[in-house]
Amino acid sequence: MNKQQAVNLFLKTFAGSPDKDVYNTLLRISAVISKEKKEIFFLEDEEGSNIYFLCSGMVKLSKTNDEGKEAVIHFVKSGEIFAEILLYLKNKYPVTATALENCEALAIDSGKLFEEIRKNPEFSMKLIGVLAGRIKYFVNMIENLTLADTRKRFLSYLKNFAEKQQSNKVKLPVNKGELALLLGSTPETFSRLLKKLADERVIEAKGKEIILLNMDEIS
């Protein structure tokens, strides 16, 4: 994907119809980068200036605690932005971003983007809407992680996914091992949970596809 296509996709996703001035500005302050599977976009606490819009692929955002254990914060899908917190943290990344697939992303200079936000109130309102949606997601994740056990966390995750997709068939965005980390569990514990839920006819699991059989249990 060339830069013109990436900028058009960014504007279509977040601003509806492209604005010529914003389009030309983004062309000046951005670049398209590619990462292969398992490559790092940036490391936790690393200094940098780029906010990213993911054009294709999937990215894992994670943090490491004092004991060296990885905690998954979010899986970024194509059409989403990440590292937008740089607008507030002054060029320091709070998480590590790892490509889970081959990825292409539009890298936007955060300092120059901030100047564009100051000059273009309509564009800034669009961006605020995007950030508000991200805040809601992280609030839900925090609430989910405070639930008593992995079962409740996973069922809450499925419920949110089902409501978003408006279907009782949910396709997990990543493999089970990565999802276990997101839920604060281990792959072994998560595999046992999937089997137990299937035996109880709460769900039916077919690879990454989960069919919700008992919505009363999940609700």
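Refer to the preceding data block for the structure.
Caption draft 1: Fine view of the pattern of salt bridges. One pass over the full model with this rule turns up eight salt bridges. A salt bridge links glutamate 44 to lysine 63; the shortest N-O distance between them is 3.1 Å. Taken as a pair, glutamate 44 in the loop between strand E2 (40-42) and strand E3 (50-56) and lysine 63 in strand E4 (residues 58-64) lie far apart in primary sequence, 19 residues in all. Ionic pairing is found between lysine 206 and glutamate 204, a salt bridge with its closest N-O pair at 3.4 Å. Bridged by salt links that share partners, the residues Lys60, Glu70 and Glu178 form one connected network.

Caption draft 2: Highlighting the packing of helix H6 (residues 150-165) against helix H8 (residues 187-199). Viewed as axis vectors pointing N to C, H6 and H8 meet at an angle of 70 degrees, and their least axial separation amounts to 11 Å. Regarding the angle of H6 to H8, the classification is roughly perpendicular. Here Thr150, Arg151, Phe154 and Leu155 of H6 come into contact with H8, specifically with Phe190, Leu193, Leu194, Lys196 and Leu197. Here the contact of H6 with H8 is built from residues that sort into six nonpolar, one polar and two charged.

Caption draft 3: Local environment of a positive patch on the surface. Taken together, the side chains of Lys37, Lys38, Lys171 and Lys208 present a region of like positive charge at the surface. Of note, lysine 208 is situated in the loop between strand E10 (203-206) and strand E11 (209-212).

Caption draft 4: Broad picture of unusual backbone geometry. A positive phi angle is found at aspartate 45, which is not glycine, with a value near 75 degrees. With respect to the helices, strands and loops of the structure, aspartate 45 is situated in the loop between E2 and E3. One non-glycine residue, arginine 201, lies in the positive phi region at around 60 degrees. Note that arginine 201 resides in the loop between H8 and E10.

Caption draft 5: Looking closely at the nonpolar core. By size, the foremost hydrophobic cluster in this structure holds 25 residues, and its most contacted members are Phe154, Leu158, Leu179, Phe190 and Ile203. Of all the secondary structure elements, the ones that give two or more residues to this core are strand E5 (70-77), H6, helix H7 (176-182), H8 and E11. Residue contributions to this core peak at six residues, all from H6. Leave out the neighbours within four places in its chain, and isoleucine 203 touches Phe154, Leu158, Leu194, Leu197, Ala198, Ile210, Ile211, Leu212 and Leu213. Ala6, Leu11, Val22 and Ile81 belong to the second largest nonpolar core, which has 18 residues in total.

Cut-offs used in this document
Residues numbered from 1 in each chain as written. Predicted model: local features only at pLDDT ≥ 70, side-chain atom pairs only at ≥ 80, totals over all residues. Heavy atoms only, no water. Salt bridge = Lys/Arg side-chain N within 4 Å of Asp/Glu carboxyl O. Helix = DSSP H or I, 4+ residues; strand = E, 2+ residues; numbered from the N terminus. Axes fitted to C-alpha atoms, helices over the stretch in contact; angles between N-to-C directions. Parallel < 35°, antiparallel > 145°, perpendicular 65-115°, else oblique. Contact = heavy atoms within 4.5 Å. Nonpolar A, V, L, I, M, F, W, Y, C, P; charged D, E, K, R; others polar. Patch = residues over 30% accessible without salt bridge, like charges linked within 9 Å, V, L, I, M, F, W, Y side chains within 5 Å. Areas by Shrake-Rupley, 256 points an atom, 1.4 Å probe, with all protein chains shown as cover. Lys, Arg positive; Asp, Glu negative; His and termini not counted. Charge placed at Lys NZ, Arg CZ, Asp CG, Glu CD. Core = buried A, V, L, I, M, F, W, Y, C linked by side-chain atoms within 4.5 Å. Buried < 20%, exposed > 50% of the residue type's maximum accessible area, 1.4 Å probe, protein only.

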